[in-house]
Amino acid sequence: MWFTFNCYSFSPPYFPSFPLLHFVTRTAGASNHIVESSEEMGAGGQRIEPASSGVFTWEEVQSHCSRNDQWLVIDRKVYNVTEWAKRHPGGFRVIHHYAGEDATEAFTAFHPDKKFVQRFLKPLLIGELAETELSQDRQKNAAVIQDFQALYAHAEERGLFRAHSLFFLAHLAHILLMEILAWLLVRHGGTGWIQTALCAILMATAQIQAGWLQHDFGHLSVFRKSSWNHLAHKFLIGHLKGGSANWWNHRHFQHHAKPNVFSKDPDVNMLRIFVVGATQPVEYGTKKIKLMPYNHQHRYFFLVGPPLLIPIYFHLQIMHVMISRRDWVDMTWCLSYYLRYLSCYIPLYGILGTVALIIFVRFLESHWFVWVTQMNHLPMDIDHEKHQDWLTMQLQATCNIEKSPFNDWFSGHLNFQIEHHLFPTMPRHNYHRVAPLVRALCDKHKIPYQVKTLGEGMIDVIRSLKTSGNLWLDAYLHK
């Protein structure tokens, strides 16, 4: 999802990799270094000896969930990540979302090279769960967790996590081709209204497709080496789109870790412009919060949602984050985009015309982006933390759109949002292969697996906003 304008207090250092993926990344955007020695190294490079091993209950683990006291469990091992969280490559917030919890499934989902990461978990190890304790915390379904683990292992055995380089190379080629055609169209065809409109459509299409492609590299799902994925990610989101890889990573992985969970998924922070789900509208209505006429939000969504998200909200947020964090690497990539764009179009349109053109392109791209991202999440369950297992949590927060060549291309294969959330490092061209297995597992455990047409998905965005608005009005008037 999408509508967040507040800027997070990123915990330094702020890097473009996800939890514990690279322990000694030196600077955001610099080459990722890997410690070659077998010594366990702590934050800052010093050697850290593992703490004395203890035996803990879930109750003890769950009591360590504050900002200054964080434990988590991975494969029944208990880790004290309090100090490490401040230096965590993915930022403080992602680890904190799992403080006091079992993070095994999230850890597995986001780390392609688990054996490597285990080297750096060892210094943080403080013990393990008592033999009398269940492997899962709270009321999570052990059978669901075990079956999903088996499905994950089966997908690995079938090679579904291996990317086809030609697929992504062809995708990049068609993006570059559209960029070139857009420029040639007005360079040789003139800058009339028709040529300009066609140019803008081509540019917006290239921008949205570049957005889907940078998403692949950001999830480390293309190259086997994470450093290659990071470099390609910076090129795509920075040079081809004028954005920031670090900003994207920090937001997006929080969304994946706890989708549609208030205070943990930044994408459901709607700035009080919208109320979403079934819980928040009642809370706002009961507290008599009326910053907007929420019972009409399904109408004003068309004015402040699709048109403004990318050209206004995201643009200002990206610039603020890069400048406030002094993210010189991402700023350089971003600047290279604008220098390329301005040098190509100022000779044709002048300064004001060139600025107007890019704003119009962002306007078109924003509509496309909002509808694709919202139809998978906004109509789904949006609530406070429920501490569910990975499969149940992701299925309640996501739905799919029917497969077709057009839908696959139009959405960057995010019509398979369920599979993407369950297997975030899986190359998108394999989603359709794992989808039947996921659906069978959901049927076995009676977990709803929703698939809609493209039209139904878009209509449900408006329907869900209207339903939430009516819930707010009822609570506002009668509670």
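Residues numbered from 1 in each chain as written. Predicted model: local features only at pLDDT ≥ 70, side-chain atom pairs only at ≥ 80, totals over all residues. Heavy atoms only, no water.

1. Describing the packing of aromatic side chains
Thinking step 1. Inspection of every chain in the model, using the stated rule, returns 35 aromatic pairs.
Thinking step 2. Aromatic side chains Trp212 and Phe369 sit 6.3 Å apart centroid to centroid with 25° between the ring planes, which places their arrangement in the stacked category. Taken together, the residues Trp212 in helix H8 (residues 193-218) and Phe369 in helix H14 (residues 328-377) connect sequence positions 157 residues apart.
Thinking step 3. Residue Phe369 is classed as buried on the basis of its relative accessible area of 18%.
Thinking step 4. By way of ring pairs, the aromatic residues Phe167, Phe168, Phe217, Phe223 and Trp228 are connected into one cluster.
Thinking step 5. The aromatic ring of Tyr98 is capped on one face by Lys258, whose charged end is 4.2 Å from the ring centroid.
Thinking step 6. Here Lys288 stacks its cationic end above the ring of Tyr476, 5.5 Å away from the centre of that ring. (Phe/Tyr/Trp six-rings, centres within 6.5 Å; stacked < 30°, edge-to-face > 60°. Helix = DSSP H or I, 4+ residues; strand = E, 2+ residues; numbered from the N terminus. Buried < 20%, exposed > 50% of the residue type's maximum accessible area, 1.4 Å probe, protein only. Lys NZ or Arg CZ within 6 Å of the ring centre and 35° of its normal.)

2. A few points about the sheet that holds strand S5 (residues 125-129)
Thinking step 1. The sheet built from five strands is open, its strands ordered S1-S5-S4-S3-S2 with mixed pairing. For this open sheet the edge positions go to strand S1 (54-56) and strand S2 (65-66), each flanked by a neighbour on one side alone.
Thinking step 2. Here three bridges tie S1 to S5, and the two strands are oriented parallel to one another. Within the sheet, the bridge partner assigned to Phe56 lies in S5 and is Leu129. (Pairing = 2+ DSSP bridges.)

3. As for the environment of Ile175
Thinking step 1. Here Ile175 shows up in helix H7 (residues 165-189).
Thinking step 2. With residues near it in sequence (within four places) discarded, Ile175 still touches Ala206, Gln209, Ala210, Leu213 and Leu240. (Contact = heavy atoms within 4.5 Å.)

4. Here's the deal with the nonpolar core
Thinking step 1. Phe148, Tyr345, Trp390, Leu391, Leu422, Phe423 and Val438 are the most contacted members of the largest nonpolar core, which has 100 residues in total.
Thinking step 2. Looking at which element gives the most residues to this core, the answer is H14, with 15 residues.
Thinking step 3. Residues contacting Leu391, with those up to four places away along its chain left out, are Val144, Phe148, Leu422, Leu441, Cys442 and Ile447.
Thinking step 4. The next biggest cluster of nonpolar side chains, apart from the first, holds 11 residues, and it includes Phe168, Ile175, Ala210 and Leu213. (Core = buried A, V, L, I, M, F, W, Y, C linked by side-chain atoms within 4.5 Å.)

5. What to know about the layout of surface pockets
Thinking step 1. Put simply, the largest pocket is a space of about 760 Å³.
Thinking step 2. As for the largest pocket, its lining consists of 38 residues, of which Lys241, Trp247, Ile310, Phe314 and Glu365 are closest to the centre.
Thinking step 3. Of all the secondary structure elements, the ones that give two or more residues to the lining of the largest pocket are H8, helix H10 (245-257), helix H13 (309-324), H14 and helix H17 (417-422).
Thinking step 4. Among the elements that take part in the lining of the largest pocket, H14 stands out by supplying 11 residues, more than any other.
Thinking step 5. Of the residues that constitute the lining of the largest pocket, the class distribution is 20 nonpolar, 13 polar and five charged.
Thinking step 6. Estimated volume of the second largest pocket: approximately 460 Å³.
Thinking step 7. Along the walls of the second largest pocket sit 17 residues, with Pro112, Phe161, Arg162, Phe223 and Arg224 positioned nearest its centre.
Thinking step 8. Of all elements in the fold, only helix H6 (142-157) and helix H9 (226-239) reach the threshold of two or more residues within the lining of the second largest pocket.
Thinking step 9. Grouping the constituent residues of the lining of the second largest pocket by class yields seven nonpolar, six polar and four charged. (1 Å grid on protein atoms, 1.4 Å probe; cavity = no way out; pocket = protein on both sides within 12 Å on 5 of 7 lines; lining within 4 Å. Points joined across faces, edges and corners; volume = space filled by probe spheres on them. Nonpolar A, V, L, I, M, F, W, Y, C, P; charged D, E, K, R; others polar.)

6. Structural notes on H6
Thinking step 1. Over its 16 residues, H6 runs 23 Å from end to end, which matches the ideal 22 Å to within 8%, given 1.5 Å per residue.
Thinking step 2. Against the buried residues of H6 lie helix H4 (104-110), helix H5 (114-121), helix H15 (390-397), H17 and helix H18 (431-444).
Thinking step 3. One side-chain oxygen of the residue at the start of H6 lies 2.9 Å from the amide nitrogen of Ala143, identifying that residue as Asn141.
Thinking step 4. Backbone geometry just downstream of H6 places Gly159 in the positive-phi region, at approximately 75°. (Expected span 1.5 Å × (residues − 1). Polar contact = N/O pair within 3.5 Å; in protein donor to acceptor, adjacent residues only side chain to side chain.)

7. Quick notes on the pattern of salt bridges
Thinking step 1. Counted by the stated rule, this structure contains 18 salt bridges.
Thinking step 2. Among the salt bridges present, the one from Lys77 reaches Glu128, with a minimum N-O distance of 3.4 Å. Of this pair, Lys77 sits in strand S4 (residues 77-80) while Glu128 sits in strand S5, and the two are 51 residues apart along the sequence.
Thinking step 3. Residue Lys386 pairs with Asp381 through a salt bridge whose shortest N-O separation is 2.8 Å. (Salt bridge = Lys/Arg side-chain N within 4 Å of Asp/Glu carboxyl O.)

8. Some words on the pairing of S4
Thinking step 1. Where strand S3 (residues 69-74) lies against S4, four bridges are found, and the strand directions are antiparallel. Counterpart to Trp71 in the pairing with S4 is Asn80.
Thinking step 2. Adjacent in sequence and paired antiparallel, S3 and S4 are bridged by two residues, among which Asp75 carries a positive phi angle near 50°.
Thinking step 3. Strand direction decides the pairing type here: S4 and S5, joined by three bridges, are antiparallel. Of the residues in S5, the one forming a bridge with Val78 is Gly127.

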